Amino acid sequence: MGELRSSYFTFSSYYSTSVSILASLLYTTIYSFLLFANVNSYHPVIHQFPTLNNITGRSKTLIYVNEFGAKGDGITDDTKPFQDVWKIACSSPLRPKIVIPSGYSFLVRPIDFVGPCRSKVSLSIAGSIVAPKDPQVWDGLNPHKWLYFFKVKYLTVEGGGTINGMGQKWWARSCKINTTNPCRHAPTAMTFHRCNNLKVRDIRMLNSQQMHISISKCIHVEVSHLIVQAPAKSPNTDAIHLSSSTHVGIRDSSIGTGDDCISIVGNSSRILVKNIACGPGHGISIGSLGKSNSSSSQVHDVCVDGAYLSNTENGVRIKTWQGGRGFVRKIAFANVWMENVSNPIIIDQYYCDSPLACPNQTLAIGINSVSFVGIRGSSATKNAITFACSDNSPCRNLYLEDVQLVSFLDFPTTSFCWKAYGSTSGLNNPSSCFPSSESIVQRPTELSNLSKSI
């Protein structure tokens, strides 16, 4: 009886252990099937790693482009592997991170990264992405686009790597370089269109064909720690171009380019620009607005707080075409240092970037409630302050406080006003050109707090 009982307990223990092993294997199989149900088949080069979010059962997925066939030799066309990786990442529920590894240079043709995606997606660029040198690659394709992101939510682009637009041949055929050439469009290096909760940071951008970064119709955007480099004579190479976007922060970046370091255009609001080094370039601009008699061009609640501009064609600027309709209002420029800057402070309602003279028109974009506080440094031109406003739509409620702009070449600086009305406070050099009959305008309190609310 003892032997029987002993055998029974031995069998029972064995049976229990076997059931546990089989249950564990079955659970693992089912879990693995559910885990990768969103992908056509499991790929061994998709690496999962634990995070603090494991407490809630979530994980991240690393996807290396070179393990999907991308060569990264700067010669082989790696567009197809990038497309394949994006398709997998965008369909994954596991917060995927696409990795562009360091030590590689990936040649990529025009490509669309289309959402919406199932989860938050990160693009970690540690190596380089380079564009084709030959503009003919774009024949038959959209000439505006190279790396194009559309309808992607919760996207992060970062990593310390480089995006090189290889724009030299594009610039050479520009009508702004050679007036005998026809004027045509060139691609923007990175376009973000209808993207929400976007972060772009810690990227180096070189020699874009035209704009470096275009952000249009996006909400909640953070751009920081960028290095943008293009020659001073490269045409239309805006570094960061915002249009129809709101709740945008641009911070802690160094920009040298052939056009505006930052440009903010139609229907944009709640914008903060902070701690920007700009030069060479055309400065930090609102506009241009109102071209071709366009209507409903609205920019409001913009704060530029902290910038260093060196050897730029303009400093802080608002530029509008005659004939447009809309408004610019509640704008604050503060704590800006200029070194050898042409037109350090300028509002130009007669902007005309055309080889032909622009006709005089009565309609104009309204400009109201713009402050310039703590603008200091040196001007390369006699008119350190220029307010050229419309006869029929004068600039109203302009405000100057503690503006100190001396000549870079030791001649006296002056200010120029046409149909511009406002007030001053503190010591200002050059002195204001506002009409003395204009009533005192207090510094707008809403602008003082604008940088805190964006």
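Residues numbered from 1 in each chain as written. Predicted model: local features only at pLDDT ≥ 70, side-chain atom pairs only at ≥ 80, totals over all residues. Heavy atoms only, no water.

K.L.:
Just checking my understanding: could you explain the sheet that holds strand S24 (residues 345-348) for this structure?
P.N.:
Ordered in space as S6-S9-S12-S14-S16-S18-S20-S22-S24-S26-S29, the 11 strands form an open sheet in which the pairing is parallel. Edge positions in the sheet fall to strand S6 (111-114) and strand S29 (414-418), since each of these pairs with one other strand and no more. The sheet shows a mean angle of 15° between the axes of neighbouring strands, taken without regard to direction. (Pairing = 2+ DSSP bridges. Helix = DSSP H or I, 4+ residues; strand = E, 2+ residues; numbered from the N terminus. Axes fitted to C-alpha atoms, helices over the stretch in contact; angles between N-to-C directions.)

K.L.:
Quick question: what am I supposed to make of the packing of aromatic side chains here?
P.N.:
Aromatic ring pairs: the centre-centre distance and the angle between the two ring planes describe each pair. Applying the stated criterion across every chain, the model contains 12 aromatic pairs. For the pair Tyr-104 and Phe-106, a centre-to-centre distance of 5.8 Å together with 25° between the ring planes defines the contact as stacked. Here Tyr-104 falls in the partly exposed class, since its relative accessible area comes to 33%. For the pair Phe-149 and Phe-192, a centre-to-centre distance of 5.0 Å together with 15° between the ring planes defines the contact as stacked. With Phe-149 in strand S9 (residues 145-150) and Phe-192 in strand S12 (residues 188-193), this pair connects stretches of sequence that are 43 residues apart. (Phe/Tyr/Trp six-rings, centres within 6.5 Å; stacked < 30°, edge-to-face > 60°. Buried < 20%, exposed > 50% of the residue type's maximum accessible area, 1.4 Å probe, protein only.)

K.L.:
Please explain the state of the cysteines as it appears in this structure.
P.N.:
A covalent bond between the sulfur atoms of two cysteines is what we call a disulfide. Under the counting rule described, the total for this entry stands at 6 disulfides. Here Cys-389 pairs with Cys-395 through a disulfide, and the sulfurs are 2.0 Å apart. Its S-S torsion of approximately -100° makes the covalent link between Cys-389 and Cys-395 left-handed. For Cys-389, a relative accessible area of 0% gives the class buried. Between the sulfur atoms of Cys-417 and its disulfide partner Cys-433 the distance amounts to 1.9 Å. Judged by the sign of its S-S torsion, about 70°, the bond between Cys-417 and Cys-433 is right-handed. A residue pair is termed long-range when its members are at least 10 positions apart, and Cys-417 in strand S29 and Cys-433 in the loop between strand S30 (420-425) and helix H4 (445-448) qualify at 16 residues. Taken in N- to C-terminal order, the disulfide-linked cysteines of the protein are connected 1-2, 3-4, 5-6, 7-8, 9-10, 11-12. (Disulfide = S-S within 2.5 Å.)

K.L.:
Could you clarify how one ought to interpret the UniProt feature "active site" (unreviewed entry) in the protein in this entry?
P.N.:
Following the UniProt record, the feature "active site" (unreviewed entry) maps to His-282 here. As for its placement among the helices and strands, His-282 is situated in the loop between strand S19 (268-278) and strand S20 (284-289). Overall, the relative accessible area of 17% leaves His-282 in the buried class. Contacts of His-282, omitting those with residues within four sequence positions, involve Gly-258, Asp-259, Asp-260, Glu-313, Asn-314 and Arg-317. (UniProt positions renumbered as here; feature names shortened; annotations may be inferred. Contact = heavy atoms within 4.5 Å.)

K.L.:
Would you mind going over unusual backbone geometry with me for this structure?
P.N.:
Most peptide bonds take the trans configuration, and most residues that are not glycine carry a negative phi. Backbone torsion omega between Gly-287 and Ser-288 reads 15°, so that peptide bond is classified as cis. Summarising the element assignment, Ser-288 is placed in strand S20. Asn-429 connects to Pro-430 through a cis peptide bond whose omega is 5°. Its location among the elements puts Pro-430 in the loop between S30 and H4. One non-glycine residue with positive phi stands out, namely Asn-267, at about 60°. On the secondary structure map, Asn-267 appears in the loop between strand S18 (262-264) and S19. A positive phi angle is found at Lys-419, which is not glycine, with a value near 55°. One can find Lys-419 in the loop between S29 and S30. Residue class for Lys-419 comes out partly exposed when judged on its relative accessible area of 32%.

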